[in-house]
Amino acid sequence: MADLHGMRISTMAHAVRRTLGLGMVGLMGLAGQHALAQEVPATPVTAAEADAAVVKPVPRVEITGSAIRRIESETALPVQVISRADIEKVGVTTASEILARLSSNVGGLTDGASINVGGDQRGFNSANLRGIGTSSTLVLLNGRRMANFASPGDDTGVDLNNIPASAIQRVEVLLDGASALYGTDAIGGVINFITRKDFKGIELSTYGNKTQEGGAGKRTATITAGFGDLDKNGFNIFTVADIQATSALSTSQRKFIGDLRVPERLPHLLSGFTSPANIRLTGAQRDYLNEQGFTINGKPITKTTINPSVPNCSPPANLYLPNGTGGSEACTYDYMGDTELFPKSNKLNSLTRGVFQITPSTQLYAEVALSRSRTSYVGSSARVRAYVDYSVIPALAGYNMLSPEASADDDVPGEVELRVRLNEAGRRTSELTSESQRYVVGLTGSANGWDYDVGLNHSVNTIKDRDTHGYVLYNEVRQGIIDGLINPFGPSSAAGVALLDSIQVNDEVRRAKGTMDSIDFKVSRSVGTLAGGDAGLAIGGEWRRERNTFTPSELLMSDNINDDFAPEGGGATANSRKVKAIFGELLLPFSKQWEAQVSARYDHYQVVGGAASPKVGLTYTPTKTMLFRASAGRGFRAPSMNELYRPTVYSATATLPDPVYCATVNNDYAECAFNWDTRRYSNANLKPEKSKQASIGMVIQPSRNASMTLDYWRIKRTDLISEIGDDIILNNPAKYGNLVIRDEDNEIDYIELRKENRGAQIASGLDLVLDYSGVKTFAGRFGGRLSGTYVLDSKIQNAKGDPFVSNLGRFVTDGVVQRWRHTISVDWDNGPLSATLSNTFSSGYHDQNSAINTDDGSVVAPNKVTSYSLWDLTSAWQINKNFKLRAGIQNMFDRSPPFSNQAYYFLSGYDPTYTDPRGRRFFASANYAFK
């Protein structure tokens, strides 16, 4: 077996070195994965050439998490690597789908989670290492930053839709805080998407995916072309272009939606806006109608929300659910039968890269990455709250609602409120377009013993949010109801339908743009020889300017779009800041067994101030087959410009009880629980978050075929930038009562949610990777891999002095961290044929269990969400050296999302953050290369 500090002299020794490489190769459990350290040679070569070079000295390589190129491949930082072959085997085509299979990625934003009506960050797909927040995971493309998703919101990060997935050569995931090298946002870890560096010839690929029940089908086509040989011609230019189209998936297309029994289990999470419309009365009006003998369903009315059509209610969309939002005397609308689970989308990505050999030791390179992701979000039809004279309502027209008995408490005598579901206007549809441009020009090479790399980076993300259908002008639709043109209780006249068509909104209501310009450099060299080999030094720096603009349309700000009302504190914004940083790193091989890595970085943010981030790592290799590693460091996260400057956002809580009011009504939640108004404030005086992280682990390779990595990690964040949860505020009136603004009757007017540096967060766990490969039998070669994360602790402190609240195995406020997540794969190959069986698994947890039914004051029945396990089977046929076919079944056993009573996300009945509603699906792909 090859010495861990010797050169690779055989193909097997090369594989062993890569397994133990850097003391960090956490082998990914994706289907068909093999160990692979990042290889960025000083003189670029293809992967095949590198593998074939079994008798040549190994080129120096640069690893995510270090700025020093080296021949040796051991560092103290755990890195997991996903190769291009691994991605192709499991049949995924986007960066978001790749990371969904990463056991350390918990609670990232996806298309499913962002489906809601009026969300401020729809279309944002993000990563969330360790479950400590999207804003604490740094995403890089070829080792450099990209502009963050531009729309203002609570989450900050790179939109994974802007990653050119077709150009990815591999993904390196640094599972350790890396602020000492990369600066802010790297507390949870770093995900580095690395693209192909050179290519010659033409390669064509196609992919198709079809679901068994219909909907959410996908088609992709990719072309890769390149020419020029660096050694022979002194240049290489290649380009990759990819187009993807995914169809929508509606709730009506999935049997499991009915199996969730949402109307039965969660009726109070449905809607009270119905067709025919529900009627909201005052108490005096209700009492008057009772005196006049008015009945609903043959009984006197006891509620203030009624519907004359009870108990029919025009099913299947409008239901009679006595325990539902509409109550026992009105109707309830089941929007889960009339919305989308998965949006229609079109993605265009391209990457062009050119490398020019200026001198034997100097290369000029340039990259242009362009992307456009256009996603259509379709919700249920519009809700209209209209105040009309009772005489336009057929069921009430025969009564004298102007009498003193009926109107004594009315601001407008005889006026009633209608809660209308406007089906004739169509379903509300928004089109979200996320566009990205990234231009990089750099110079790399060696001079006087120094390796250097300097680059200019211009990156832009533009978000366009357009209301395209189903949104109507509010004043006009309300007047149409008052005038009798639009019928809230049945089909409208031709004139009413024509009116609805004429007031449809097709407007780009929000536009946001984020721009990042930077120049960075790094130099490294050997600075002497220690007992274990060459000591290395790296020095680098970065200057960066970030700019964000947000522009709402005039129509939006007029506050006349039904269901897309202008926030009272909203308006156009434009902010910018400058960042300066310098860092250094030392590699110290004290002996053949001991090596240290010491690094530090200082960043200075305009307005916010400075932050220092030191880190130290250590590896110990007692034998050729065993390595131990440890690291400790400090990190930081600078407040985003949204957190510093975003205008006040007006929103509402989930249904929560007001303990002050509840005390006056014997804790009857039917009286004292409500969706309270909130005002969310930014804070220009925020300081950076601080973190401390540490890891300790081992790599063991007892034989040529088997290896194991086990790492313990712990992260603690302090000065946490957060708002105190609205539920926490209401549960602690003695401590946070000043944040609850009350009116003259001591009822809640609104709740203040203010971003402050408050509290702390702690997360810890174990990463385990087992790999067994290359077992030859008469039936072919077999291998198996497991990559899993076992979380030991995950908890947050809302404010200094408060107790920590754990979300480990329990849905709290906005999500859950599962105790155990893994990916397992079993590989087989025999000549041109190969196959992979893989499984992804998430353990069960205690549900949110807090949703309140305001009709009767009951709380949802406690629930434990079951575990979630998906199996995939794929196969491939290498027809010849140029042509390859692949086919597979994803979610082979058609596992549906388990039932959840969570009330945080728009979709009810399950948790859309980690489950997949598409069900069983089949894919096939073909790849042909002309070389």
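Just above, that's the structure.
The paragraphs below set out a description of the structure included in this document. For clarity, every value in this text was computed on a predicted model and none was experimentally measured. (Residues numbered from 1 in each chain as written. Predicted model: local features only at pLDDT ≥ 70, side-chain atom pairs only at ≥ 80, totals over all residues. Heavy atoms only, no water.)

The next thing to look at is the nonpolar core. Membership of the largest hydrophobic core comes to 39 residues, with the highest contact counts inside it found for Ile279, Leu289, Val384, Val416, Leu422, Val477 and Ile481. In terms of residue count, strand S20 (residues 415-447) provides more of this core than any other element does, five residues in total. If sequence neighbours within four positions are ignored, Leu289 has contacts with Leu281, Phe294, Ile301, Leu396, Tyr399 and Met401. The next biggest cluster of nonpolar side chains, apart from the first, holds 29 residues, and it includes Met146, Leu160, Ile163 and Ala167. (Core = buried A, V, L, I, M, F, W, Y, C linked by side-chain atoms within 4.5 Å. Buried < 20%, exposed > 50% of the residue type's maximum accessible area, 1.4 Å probe, protein only. Helix = DSSP H or I, 4+ residues; strand = E, 2+ residues; numbered from the N terminus. Contact = heavy atoms within 4.5 Å.)

Attention now goes to the sheet that holds strand S29 (residues 673-681). Strand order in this open sheet of four strands is S28-S29-S34-S33, and the pairing throughout is mixed. Since the sheet does not close on itself, it has two edges, and those belong to strand S28 (649-657) and strand S33 (740-742), each with one partner. The mean inter-strand angle of the sheet, taken between neighbouring strand axes irrespective of direction, is 35°. Bridge count for S28 against S29 is seven bridges, and the pairing is antiparallel. (Pairing = 2+ DSSP bridges. Axes fitted to C-alpha atoms, helices over the stretch in contact; angles between N-to-C directions.)

The next subject is the pattern of salt bridges. All told, the structure shown has 50 salt bridges when counted by the stated rule. Residue Lys200 is joined to Asp229 by a salt bridge in which the shortest nitrogen-to-oxygen separation is 2.7 Å. You can see Lys200 sitting in the loop between strand S6 (189-195) and strand S7 (201-211) and its partner Asp229 sitting in the loop between strand S8 (218-227) and strand S9 (235-246), a full 29 residues away along the chain. Close ionic contact of Arg261 with Glu264 constitutes a salt bridge, the shortest N to O distance being 3.0 Å. Look at the salt bridges and you will find they share partners, linking Glu542, Arg544, Glu546, Arg577, Arg601 and Asp603 into a network. (Salt bridge = Lys/Arg side-chain N within 4 Å of Asp/Glu carboxyl O.)

Here strand S31 (residues 706-718) pairs with strand S36 (residues 760-777) via 13 bridges, running antiparallel. Counted as the bridge partner of Tyr712 is Leu766 from S36. With 16 bridges connecting them, S36 and strand S37 (residues 780-797) associate as antiparallel partners. In the strand pairing of S37, Val769 is matched with Ser787. Adjacent in sequence and paired antiparallel, S36 and S37 are bridged by two residues.

You can see Asn297 is positioned in the loop between strand S12 (295-296) and strand S13 (299-300). Between the alpha carbons of Asn297 and Ser328 there is a distance of 9.7 Å; along the sequence they are 31 residues apart. Other than its neighbours up to four places away in sequence, Asn297 contacts Val310, Pro311 and Tyr320.

Across residues other than glycine, the phi torsion is negative in most instances, and most of the peptide bonds are trans. Cis geometry marks the peptide bond from Ser275 to Pro276, where omega comes out at 5°. You can see Pro276 is positioned in the loop between helix H7 (262-265) and strand S11 (278-280). A cis amide bond, omega 5°, links Pro315 with the succeeding residue Pro316. By the secondary structure assignment, Pro316 is in the loop between strand S14 (305-306) and strand S15 (318-319). In this structure, Asp559 is a non-glycine residue whose phi angle is positive, near 60°. Note that Asp559 resides in the loop between helix H12 (554-557) and strand S24 (573-588).

Looking now at a negative patch on the surface. Negative charge collects at one region of the surface, where Asp677, Glu744, Asp745, Glu747 and Asp749 lie side by side. With respect to the secondary-structure elements, Asp677 resides in strand S29. (Patch = residues over 30% accessible without salt bridge, like charges linked within 9 Å, V, L, I, M, F, W, Y side chains within 5 Å. Areas by Shrake-Rupley, 256 points an atom, 1.4 Å probe, with all protein chains shown as cover. Lys, Arg positive; Asp, Glu negative; His and termini not counted. Charge placed at Lys NZ, Arg CZ, Asp CG, Glu CD.)

Attention now moves to a positive patch on the surface. On the surface, Arg634, Lys687, Lys690, Lys692, Arg714 and Lys716 cluster together into a positively charged patch. If you list the elements that add at least two residues to the positive patch, you get strand S30 (689-700) and S31. Tracing the backbone through its elements, the reader meets Lys716 in strand S31. What makes Lys716 partly exposed here is its relative accessible area of 32%.

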